Amino acid sequence: MRLTRLFAPEHGLWGAAQDHAPIAGARDPVTGLAVASLYGTRREPTPAMLAGLDALVVDLQDVGSRYYTFVWTTALAMRACAQAGVEVIVLDRPNPLGGAVVEGNMPDPAFASFVGLYPLPARHGLTIGEAARWVALAHGVRPRLTVVPMDGWRRRMLWEDTGVPWVAPSPNMPTPDTARVYPGGCLLEGTNLSEGRGTTRPFEWVGAPYLDAHAYADALDEQRLPGVRFRPARFTPTFHKWAGRLCGGVQIHVTDRARFKPFLTGLAIVAAARRLAPRRFAWRRPPYEFERHKLPIDILLGTDRIRRALQRGRPLRDIERQWRRDLVSWRRRRVPALLYR
C-alpha cells in the first residue's frame, strides 16, 4: 500500500491545534504530502479528495467520550467513502476509559451535532474500531470496512493497564487523567466556567473569578460523589475563558477509578456553581461546534431536559435515574459491534 494523501481531523495531523481552531490545509513536513482538512467548513472528504484512492486508513486515538470529535470525523469519512467506493481501514486503539463501564444519557437525535452525530452515551465504552462498526451496523453507513483489531486488549482495561505510553491526541488531553475526567469536564464548555484550558491541568482544574474556592470544594464534597474528592484551587488561565484572571475553583482528585462517575461529577460541578453564584453563572451562547442556534450545553448533553432539570434544582440522583434504563438497552444494542471481551 502506498501513502498518497493525508487528512487531518480537529487538532490537526500532529495534535497541535487548539480546540475549535479550523484546520487549514498544509503540507506535512515528514512525508511532504499535502494535508486536507476535515475540521472547519468542510468536515468530510469530497469526491475529489477521494478520487484515485483504494482505501482510507483511520489512525486516531479516541478518548472514549461522545463529544470528542474523532469518532464523528470517522463516521463522516465512512459516509463519503461508501458513496465513492473507497474502502475504510480502521487501526484500532484502546479506549482510555476501558470498555466495561458506560455512563450518561442517550441523546435525542433532534440535538445531533458534531459533538454527537448519532446517539451514544457520554462514556460509551467503545473503541474507535467498535464505534465504526456500530455506525455501519446501527446507522447504515456501510463502506467496505476493515477494523484491524488490537492484540491483548480487554474491556476492563484502563489506559494504565495497557503498558502503552500516552501520546496526547490534542493539546488539552495531556495525560490519561485528563481523559478520565473529560466525560464530565467537557460539559463545562457549555458554561462560563473555566474548564482549565490555559493551565497545566485542563479539565481537572475548574472554576471562575466569581467563585470562592473553599465554599465550592465544600459544596461538592458534601455531595459524596463516588470515587472523587475536591481540593480548593486557585488558578489563572493564560488563554481561553477568564484569561489573565484569578479563578477560584477546585481540582478534581479521582480517588477510586472503578467507582468514579465522570459524567455525574460534571453535572454536580455545574449545579454547585449555579447554586453558589446564581447571578454570575451563565450558559454559554452559540455558536459552538458549527451549531448556531441550540445552546452549547444542550448539544453537549444531547437534550435540553437535563439543563432544565438543573435549572429547577432537581437532585442529581433523580436526574441520573432517568438514564439508567437507557444504558441497559445500550449495552444490549452495542453487542453486535463489539470486538473484545
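Every chain's residues receive numbers from 1 upward, in the order its sequence appears when written. The model is predicted, so local features are restricted to residues of pLDDT at least 70 and side-chain atom pairs to those at 80 or more, both for listing and for counting; the totals for chains, interfaces and linings are taken over all residues. Excluded from the side-chain calculation are hydrogens and water; included are all heavy atoms of the structure.

1. Regarding the layout of surface pockets
Here's step 1: Here a cavity means grid points, on a 1 Å grid over the protein atoms only, where a 1.4 Å probe fits yet cannot get out; a pocket means an open set of points with protein on both sides within 12 Å along at least five of seven lines; lining residues are those with an atom within 4 Å of a point. Grid points are joined across faces, edges and corners, and a volume is the space filled by probe spheres set on the points. The computed volume of the largest pocket comes to approximately 1200 Å³.
Here's step 2: If you go around the largest pocket, you meet 39 residues; those closest to its centre are Leu6, Leu13, Val57, Val58 and Asp59.
Here's step 3: Asp, Glu, Lys and Arg are counted as charged, while Ala, Val, Leu, Ile, Met, Phe, Trp, Tyr, Cys and Pro are counted as nonpolar; the rest, among them Gly, fall into the polar class. Class assignment for the residues of the lining of the largest pocket results in 25 nonpolar, eight polar and six charged.

2. Describing helix α3 (residues 128-139)
Here's step 1: Strands are runs of DSSP state E lasting at least 2 residues, helices are runs of H or I lasting at least 4, and numbering of each runs from the N terminus. How far a helix is expected to stretch is found by multiplying one less than its residue total by 1.5 Å. End to end, α3 covers 16 Å across twelve residues, agreeing with the expected 16 Å (1.5 Å per residue, within 8%).
Here's step 2: Relative accessibility decides the category of a residue: with a 1.4 Å probe and only protein chains considered, values under 20% of the type maximum give buried, values over 50% give exposed, and everything between is partly exposed. Listed in full, the buried residues belonging to α3 are Ile128, Gly129, Glu130, Ala131, Ala132, Trp134, Val135 and Ala136.
Here's step 3: The criterion used for residue contact is that any of the two residues' heavy atoms lie within 4.5 Å. Lining the buried residues of α3 we find β4 (55-58), α2 (70-84), β5 (87-91), β6 (145-148) and α10 (316-333).
Here's step 4: Count one or two residues on from α3 and you reach glycine 140, which has phi positive near 70°.

3. Brief notes about the side chain of asparagine 172
Here's step 1: In this fold, asparagine 172 is placed in the loop between α4 (159-162) and α5 (176-185).
Here's step 2: We classify asparagine 172 as buried; its relative accessible area is 6%.
Here's step 3: Under the rule applied, a polar contact is a pair of N or O atoms within 3.5 Å (in protein, one hydrogen donor and one hydrogen acceptor; residues adjacent in sequence only if both atoms are side-chain atoms). In terms of polar contacts, asparagine 172 uses its side chain to reach the side chain of glutamine 18, at 2.8 Å.
Here's step 4: Excluding its chain neighbours within four sequence positions, the residues that come into contact with asparagine 172 are Gln18, Thr178, Arg197, Gly198, Pro202 and Phe203.

4. Some points on the nonpolar core
Here's step 1: Within this scheme, the nonpolar core is defined by two criteria: the residues are buried Ala, Val, Leu, Ile, Met, Phe, Trp, Tyr or Cys, and they are joined through side-chain atoms within 4.5 Å. Formed by 96 residues in total, the largest nonpolar core has its most connected members in Tyr67, Leu193, Tyr216, Phe230, Leu267, Ile269 and Leu310.
Here's step 2: Setting aside residues up to four positions removed in sequence, tyrosine 67 forms contacts with Val115, Ala122, Tyr182, Pro183, Cys186, Leu187, Phe263 and Leu300.

5. Details of the environment of threonine 69
Here's step 1: Summarising the element assignment, threonine 69 is placed in the loop between β4 and α2.
Here's step 2: Threonine 69 gets classed as buried once you look at its relative accessible area, which sits at 2%.
Here's step 3: Put simply, threonine 69 and proline 176 are 107 residues apart on the chain and 17 Å apart in space, counted from C-alpha to C-alpha.
Here's step 4: Sequence-distant contacts of threonine 69, that is, excluding residues within four places in its chain, are made with Glu10, Phe114, Val115 and Glu289.

6. Some points on empty space enclosed by the protein
Here's step 1: For the coordinates displayed, the defined rule picks out three cavities of 30 Å³ or more.
Here's step 2: Reported here for the largest cavity is a volume of approximately 140 Å³.
Here's step 3: Lining the largest cavity are 18 residues, and of these Glu10, His11, Tyr182, Glu189 and Arg197 lie nearest its centre.
Here's step 4: Partitioned by chemical class, the residues of the lining of the largest cavity number eight nonpolar, five polar and five charged.
Here's step 5: Quantified by volume, the second largest cavity comes out at close to 70 Å³.
Here's step 6: The wall of the second largest cavity is formed by 14 residues, among which Pro107, Phe111, Ala112, Gly116 and Tyr118 lie closest to the centre.
Here's step 7: For the lining of the second largest cavity, the per-class residue count stands at nine nonpolar, three polar and two charged.

7. What about the environment of phenylalanine 290?
Here's step 1: Inspection of the secondary structure assignment puts phenylalanine 290 in the loop between α7 (262-276) and α8 (296-301).
Here's step 2: Taking the relative accessible area as the measure of exposure, phenylalanine 290 reaches 38% and is therefore partly exposed.
Here's step 3: Ignoring sequence-local partners within four residues, the contact set of phenylalanine 290 consists of Tyr39, Gly40, Arg43 and Phe114.

8. Digging into the pattern of salt bridges
Here's step 1: A carboxyl oxygen of Asp or Glu within 4 Å of a side-chain nitrogen of Lys or Arg is what we treat as a salt bridge. All chains considered together, the criterion is met by 18 salt bridges.
Here's step 2: In this structure, the salt-bridge partner of arginine 197 is glutamate 195, at a minimum N-O distance of 3.0 Å.
Here's step 3: Under the relative-accessibility criterion, arginine 197 is labelled buried at 5%.
Here's step 4: By relative accessible area, which is 1% here, glutamate 195 ends up buried.
Here's step 5: Taking the shortest distance from any N to any O, the salt bridge between glutamate 195 and lysine 241 comes out at 3.0 Å. Taken together, the residues span a long stretch of sequence, with glutamate 195 in the loop between α5 and β7 (205-208) and lysine 241 in the loop between β8 (228-235) and β9 (247-254) at a distance of 46 residues. In this pair, the class of glutamate 195 matches that of lysine 241, namely buried.
Here's step 6: Overlapping salt bridges, with partners in common, bring together Asp19, Glu189, Glu195, Arg197 and Lys241 in one network.

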